[in-house]
Amino acid sequence: KAGVTQTPRYLIKTRGQQVTLSCSPISGHRSVSWYQQTPGQGLQFLFEYFSETQRNKGNFPGRFSGRQFSNSRSEMNVSTLELGDSALYLCASSSGTDYGYTFGSGTRLTVV
Amino acid sequence: AQSVSQHNHHVILSEAASLELGCNYSYGGTVNLFWYVQYPGQHLQLLLKYFSGDPLVKGIKGFEAEFIKSKFSFNLRKPSVQWSDTAEYFCAVTSTSGTYKYIFGTGTRLKVLA
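The structure reproduced in this document is the subject of the present report.

Basis of the calculations
- Residues numbered from 1 in each chain as written.
- Chains lettered and ligands numbered in written order.
- Predicted model: local features only at pLDDT ≥ 70, side-chain atom pairs only at ≥ 80, totals over all residues.
- Heavy atoms only, no water.
- Helix = DSSP H or I, 4+ residues; strand = E, 2+ residues; numbered from the N terminus.
- Buried < 20%, exposed > 50% of the residue type's maximum accessible area, 1.4 Å probe, protein only.
- Phe/Tyr/Trp six-rings, centres within 6.5 Å; stacked < 30°, edge-to-face > 60°.
- Contact = heavy atoms within 4.5 Å.
- Buried area = accessible area lost by both parts, 1.4 Å probe.
- Salt bridge = Lys/Arg side-chain N within 4 Å of Asp/Glu carboxyl O.
- Polar contact = N/O pair within 3.5 Å; in protein donor to acceptor, adjacent residues only side chain to side chain.

1. Structural notes on unusual backbone geometry
Reasoning step 1: For the bond running from threonine 7 of chain A to proline 8 of chain A, omega is -10°, close enough to zero to count as cis.
Reasoning step 2: Here proline 8 of chain A is to be found in the loop between strand S1 (5–7) and strand S2 (10–13).
Reasoning step 3: The backbone of glutamate 52 of chain A sits at a positive phi, close to 70°, despite the residue not being glycine.
Reasoning step 4: Tracing the sequence through the fold places glutamate 52 of chain A in the loop between strand S5 (42–50) and strand S6 (53–57).
Reasoning step 5: Residue classification places glutamate 52 of chain A among the partly exposed positions, given a relative accessible area of 47%.
Reasoning step 6: Not every positive phi belongs to a glycine, and alanine 16 of chain B is a case in point at roughly 80°.
Reasoning step 7: The residue alanine 16 of chain B is located in the loop between strand S2 (10–14) and strand S3 (19–21) in this model.
Reasoning step 8: When its relative accessible area of 54% is taken as the criterion, alanine 16 of chain B is described as exposed.

The following block contains the structure:
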């Protein structure tokens, strides 16, 4: 079966702009989570959605937001981009019956 | 505060050497534990997971991990590493209380010399 698909793979944005990243989970998976991966901070939890509802949120500013659609696809948005937002953004999905996540390949965001 | 510590940031081994990567966690309540691997240029893949039962968990590619509750540890082991095991390894923990929020360790970069 198809894995977790994230688009785009690479993005270059300018400070102050906003960006939207997309994630298509494995078919049948209803839980989608987002993580930010940086060399200095490692993997940091952003938020988790289940059946279009945000169930958990990490310690990120309000500039980071997300949503999940009825088909379980998810988007995350970052507004007013800062240089420090440069990172690999990972999406992961789970069936919800266990806690094992399948990760996508990520979107590498560079803010200049 | 919830946290996961991976003591070794970089490990270099020769092929056929034995591997043990340390992972300790600080987390209130009962937990689920995971090891993920990230091969160069690839996405994170689940190596193994512990939910309950036998504290010795077998994973893919000959890896295993032992959950020692009294030590809050979940160390990853492999008796004989191969060059293809060169990767970054992440330990993660989540609560059994229904949250899907993973707390990850900072990772251990393993380099296996052929």
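2. Examining the packing of aromatic side chains
Reasoning step 1: Inspection of every chain in the model, using the stated rule, returns 22 aromatic pairs over all chains.
Reasoning step 2: An angle of 35° between the planes, with centres 6.3 Å apart, marks the rings of phenylalanine 34 of chain B and tyrosine 36 of chain B as tilted.
Reasoning step 3: An aromatic cluster is built from Tyr35, Phe45, Tyr101 and Phe103 of chain A together with Phe34, Tyr36, Phe51, Phe90, Tyr102 and Phe104 of chain B, whose rings are joined through pairwise contacts.

3. Let's talk about the interface of chain B and chain A
Reasoning step 1: Contact residues are listed per partner, giving 18 residues for chain B and 20 residues for chain A.
Reasoning step 2: Between chain B and chain A lies a buried interface of about 1,700 Å² when both sides are counted; carbon and sulfur atoms form 59% of it.
Reasoning step 3: Taken together, the links from chain B to chain A amount to zero salt bridges.
Reasoning step 4: Counting residues per element, the ones that place at least two in the side of chain B that touches chain A are strand S5 (31–38) and strand S10 (87–95) of chain B.
Reasoning step 5: When residues of the side of chain B that touches chain A are assigned to their parent elements, the largest contribution, four residues, is made by S5 of chain B.

4. Details of the pattern of salt bridges
One side chain can pair with another of opposite charge once the charged atoms of both are near each other.
Reasoning step 1: Tallied over the full model, the rule gives 10 salt bridges over all chains.
Reasoning step 2: Residue glutamate 82 of chain A is joined to arginine 63 of chain A by a salt bridge in which the shortest nitrogen-to-oxygen separation is 3.6 Å. One end of the pair, glutamate 82 of chain A, is in the loop between strand S8 (74–78) and strand S9 (87–94); the other, arginine 63 of chain A, is in the loop between S6 and strand S7 (64–68), and 19 residues separate them in sequence.
Reasoning step 3: Across the pair lysine 58 of chain B and glutamate 64 of chain B runs a salt bridge, and its minimum N-O distance is 2.8 Å.
Reasoning step 4: A residue is classified by how much of its surface remains accessible, and glutamate 64 of chain B, at 16% relative accessible area, is buried.
Reasoning step 5: Through salt bridges that share partners, Lys58, Glu64, Glu66 and Arg77 of chain B make up one connected network.

5. Regarding the side chain of histidine 29 of chain A
Residue and element names in this part refer to chain A.
Reasoning step 1: Along the chain, the position of histidine 29 falls in the loop between strand S3 (19–24) and strand S4 (31–38).
Reasoning step 2: Looking at histidine 29, its side chain comes within polar contact range of the main-chain nitrogen of serine 94, at 3.4 Å.
Reasoning step 3: In contact with histidine 29, not counting residues within four places along its chain, are Ser72, Ser93, Ser94, Ser95 and Thr102.

Note that all results are geometric; they support no functional claim without further evidence.
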